[in-house]
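Observations on the three-dimensional arrangement
So the chains spell out like this:
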Amino acid sequence: MGVEQIRARAHAKVNLHLGVGQARADGYHELVTIFQSLSLHDELELKVLSKRAPKHGSVIDTLTLSGQAKGVPDDEDNLVWQAVDKLVAAYRAEGIGQLPMVELHLRKGIPVAGGMAGGSADAAAALRVTQAWLSEHADPLPESVLESIAAELGSDVPFTLHGGTMLGTGRGENLIPVMSRGHYHWVLAVSAAGLSTPEVFHKLDQLRESGRELPAHTDTTVLSRSLLNGDVAAVAANLVNDLQAPAISLRPGLRQILAAGEEAGALRGIVSGSGPTCAFLCRDAAHAAEVAGELIDSGLVIAAHPAQGPAEGAHVVPETF
Ligand code: C5P
């Protein structure tokens, strides 16, 4: 039967640049974004059971959760569940024989509904563990199949599958690598309650309709050059997030958090993705630890995690937990 237990790591992301255009006919917004994956991660374990799965339908027996998993579904509403089902269906279409049931366990380390693509990264990790399992029993499906399933699952899933530093266009799913030198040290300041991504995009549309001057930032030239040079101060100066204004409009307290991190000495603070997590770029690991301590002392956030980027995309890891 081969490997009985497979574990993968799902890395969070921050958008160094998030330019948001108009809403499209399909409801999505045209993006120009530069993603960076971060060391902060979730872990997903797949365990093969001895009982057989039905010929059609899900192979998942149970999905259990641990860590900071409040509000995360443990059924087919979870993208992890959908990712496994979709890749299994693709293998079944190629004629793989009857499969056993599996058990999944997801350990959350990435803030939930925090603008860090935690759910998307979990889905990418689910594709990796399922691929590692099924490619032992059939001709491996090519990476392009995983990529197209990733894009169906969500706009951030393709990036979280690859990791590193990448430019995303379209909904964020069309990716090309960005050259980046060095390591970046962040502090991720977590708020007690999450924000809904669709609501933040919708708020941006409303603010623009009401006449607020909120242009779509589509030029990443200066940031790209700063990344290529590994110039952390220039990267800090050129961080852009078009979703920051609507996130602050929905959650005015974010303004104080951003100010507190910058007063604590961070080079720059921005809202991460659709928020409410705030990401602070720091000079080095010691500086990040200092800023994290001050943010915790401020009482404005429930956690402040130091993290480094760029990290890998979702990948299988050898040990068990
Ligand atoms: O693709 P995903 O399911 O992660 O997107 C969640 C929601 O975020 C979408 O339903 C949409 O409201 C919003 N979104 C958007 N434009 C994008 C990506 C996401 O409007 N490019």
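All values reported here derive from a predicted model rather than from experimental measurement. (Residues numbered from 1 in each chain as written. Predicted model: local features only at pLDDT ≥ 70, side-chain atom pairs only at ≥ 80, totals over all residues. Heavy atoms only, no water.)

Our next topic: the domain arrangement of the chain. What the domain assignment lists for the chain is domain 1 (5-176) and domain 2 (184-309). If you average the C-alpha positions of domain 1 and of domain 2, the two centres end up 25 Å apart. Listed as interface residues are 28 residues of domain 1 and, on the opposing side, 36 residues of domain 2. When domain 1 packs against domain 2, close to 2300 Å² is buried across both sides, 63% of that on carbon and sulfur atoms. (Domains from an automatic or database assignment. Contact = heavy atoms within 4.5 Å. Buried area = accessible area lost by both parts, 1.4 Å probe.)

Under the feature "domain: GHMP kinase N-terminal" (unreviewed entry), the UniProt entry names residues 78-164. Within the segment residues 78-164, helix and strand shares are 56% and 10% respectively, and the terminal C-alpha atoms sit 25 Å apart. (UniProt positions renumbered as here; feature names shortened; annotations may be inferred. Helix = DSSP H or I, 4+ residues; strand = E, 2+ residues; numbered from the N terminus.)

Next up on the list: the site of the ligand. In the region of the ligand, the neighbouring residues are Gly-27, Tyr-28, His-29, Leu-31, Gly-154, Ser-155, Arg-171, Thr-197, Pro-198 and Phe-201. At 2.7 Å from an oxygen atom of the ligand is found a side-chain nitrogen or oxygen belonging to His-29. Ser-155 places a side-chain nitrogen or oxygen 2.6 Å from an oxygen atom of the ligand. For the shell around the ligand, the elements supplying multiple residues, two or more each, are strand E2 (29-52) and helix H5 (197-209). The dominant element in the shell around the ligand, judged by the number of residues it contributes, is H5, at three residues. Grouping the amino acids of the shell around the ligand by side-chain chemistry returns four nonpolar, five polar and one charged. (Near = heavy atom within 4 Å. Polar contact = N/O pair within 3.5 Å; in protein donor to acceptor, adjacent residues only side chain to side chain. Nonpolar A, V, L, I, M, F, W, Y, C, P; charged D, E, K, R; others polar.)

The next subject is the pattern of salt bridges. For the structure on display, the rule yields ten salt bridges. Here Lys-51 ties to Asp-61 by a salt bridge, and the two come within 3.0 Å at their closest N and O atoms. Linking Lys-51 in strand E2 with Asp-61 in strand E3 (residues 60-67), this pair joins segments that are ten residues apart in sequence. What makes Lys-51 partly exposed here is its relative accessible area of 44%. Across the pair Asp-122 and Lys-108 runs a salt bridge, and its minimum N-O distance is 2.9 Å. Of this pair, Asp-122 sits in helix H2 (residues 118-134) while Lys-108 sits in strand E4 (residues 100-108), placing them 14 residues apart in sequence. (Salt bridge = Lys/Arg side-chain N within 4 Å of Asp/Glu carboxyl O. Buried < 20%, exposed > 50% of the residue type's maximum accessible area, 1.4 Å probe, protein only.)

Moving on: the packing of aromatic side chains. Tallied over the entire structure, the rule returns one aromatic pair. Judged by centre distance (4.5 Å) and plane angle (10 degrees), the ring pair of Phe-35 and Phe-159 falls under stacked. Here the residue Phe-35 occupies a position in strand E2, and Phe-159 occupies one in helix H4 (residues 157-162), the gap between them amounting to 124 residues. Comparing Phe-35 with Phe-159 shows no difference in burial state: the two are buried. (Phe/Tyr/Trp six-rings, centres within 6.5 Å; stacked < 30°, edge-to-face > 60°.)

Our next topic: the UniProt feature "domain: GHMP kinase C-terminal" (unreviewed entry) in the chain. The sites that carry the UniProt feature "domain: GHMP kinase C-terminal" (unreviewed entry) are, in the present numbering, residues 227-295. Taken end to end, residues 227-295 is 54% helix and 16% strand, and its first and last C-alpha atoms sit 26 Å apart.

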